[in-house]
Amino acid sequence: MVNIILLGPPGAGKGTQAKRLVDERQMVQLSTGDMLREARNSGTEMGRVVAAVMDRGDLVTDEIVIGLIAEKLDHAAAGGFIFDGFPRTLKQADALGDLLASKGQSLAAVVEMQVDDAALVARITGRFTCGNCGAVYHDHTHPTAKPGVCDACGSTNLKRRADDTEDALKVRLMEYYKKTSPLIGYYYAKDKLTSVDGLAEVGAVAAAIAKVLDRG
Ligand code: ADP
Ligand code: AMP
């Protein structure tokens, strides 16, 4: 069982790569962003609490996201977990280490996806996803073959995120640099960190991540 973290700023390509790993390696994607959006859509109390925070681009509390992840780790994943968008703070990173240890598990690697900040605005403002299967697209770099129809599942429920605006991205980037980027040093010091070029094309990034996973 190989558990990995995909680490990088919003728009780095974490979700895109996580979906490929799910398809190719039977791994389980744990995206706290997706879990929080699901809570909002189903109108839970927690969903109501986090809605405004997410739309601004701020981080929600450590307690909430650690709780979400703890629930998911109860169900073992044969191919391993991909942590996507979690951890985002040092407290979350410590909690993840404790949670995995309590289940007799560990982290195989942390893959830092390096991208230029300048590329992120274009990536984020062009992003849309399938509301049915979660496939990730881009207006220019990865449009659907047929306009308005998901290539993967045929759904016409294609959506844009409320926080994928230039203004919210500025807040999200600041949160990343203030609270999440210290994790790069944290995992380097734990001998877990590998950095890949997130600006390369999707297939080349996938190949770089596969190399990390296959080195055992
Ligand atoms: P994250 O999950 O890190 O926020 P996404 O995987 O949702 O990032 O990718 C953000 C946007 O960038 C999407 O529209 C996606 O299609 C596009 N994208 C992802 N990886 C690449 C890449 N290697 N090259 C060009 N565009 C990419
Ligand atoms: P994402 O889908 O990963 O871009 O996350 C969208 C939003 O959800 C973020 O801007 C935060 O408001 C919230 N969020 C997701 N994951 C976390 C996390 N690990 N810690 C705190 N907030 C999070």
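The rules behind the values
Residues numbered from 1 in each chain as written. Chains lettered and ligands numbered in written order. Predicted model: local features only at pLDDT ≥ 70, side-chain atom pairs only at ≥ 80, totals over all residues. Heavy atoms only, no water. Core = buried A, V, L, I, M, F, W, Y, C linked by side-chain atoms within 4.5 Å. Buried < 20%, exposed > 50% of the residue type's maximum accessible area, 1.4 Å probe, protein only. Helix = DSSP H or I, 4+ residues; strand = E, 2+ residues; numbered from the N terminus. Contact = heavy atoms within 4.5 Å. Arc of directions from axis to C-beta.

## Digging into the nonpolar core
Residues Ile 5, Ile 69, Leu 73, Phe 83, Leu 96 and Tyr 187 are the most contacted members of the largest nonpolar core, which totals 29 residues. Residue assignment for this core shows that the elements contributing at least two residues are strand E1 (4-7), helix H2 (32-41), helix H3 (45-56), helix H4 (62-72), strand E3 (81-84), helix H5 (90-102) and helix H8 (182-189). Broken down by element, the residue count for this core peaks at 5 residues, all from H5. Once residues within four sequence positions are removed from consideration, Tyr 187 is found in contact with Ile 5, Pro 87, Ala 93, Leu 107, Val 110, Lys 192 and Leu 193.

## Observations regarding H8
It helps to recall that an α-helix has 3.6 residues per turn; residues three or four apart then point in one direction. Considered for burial, the residues of H8 that qualify are Leu 183, Tyr 186 and Tyr 187. Viewed along the axis of H8, the buried residues span an arc of 90°, placing them on a single side of the element. The exposed set on the far side of H8, more than 90 degrees from its buried face, consists of Tyr 188 and Ala 189. Buried positions along H8 lie against E1, H5, strand E4 (109-114), helix H7 (166-180) and strand E8 (193-197). Directly beyond the C-terminal end of H8, a positive phi value near 60° is found at Asp 191.

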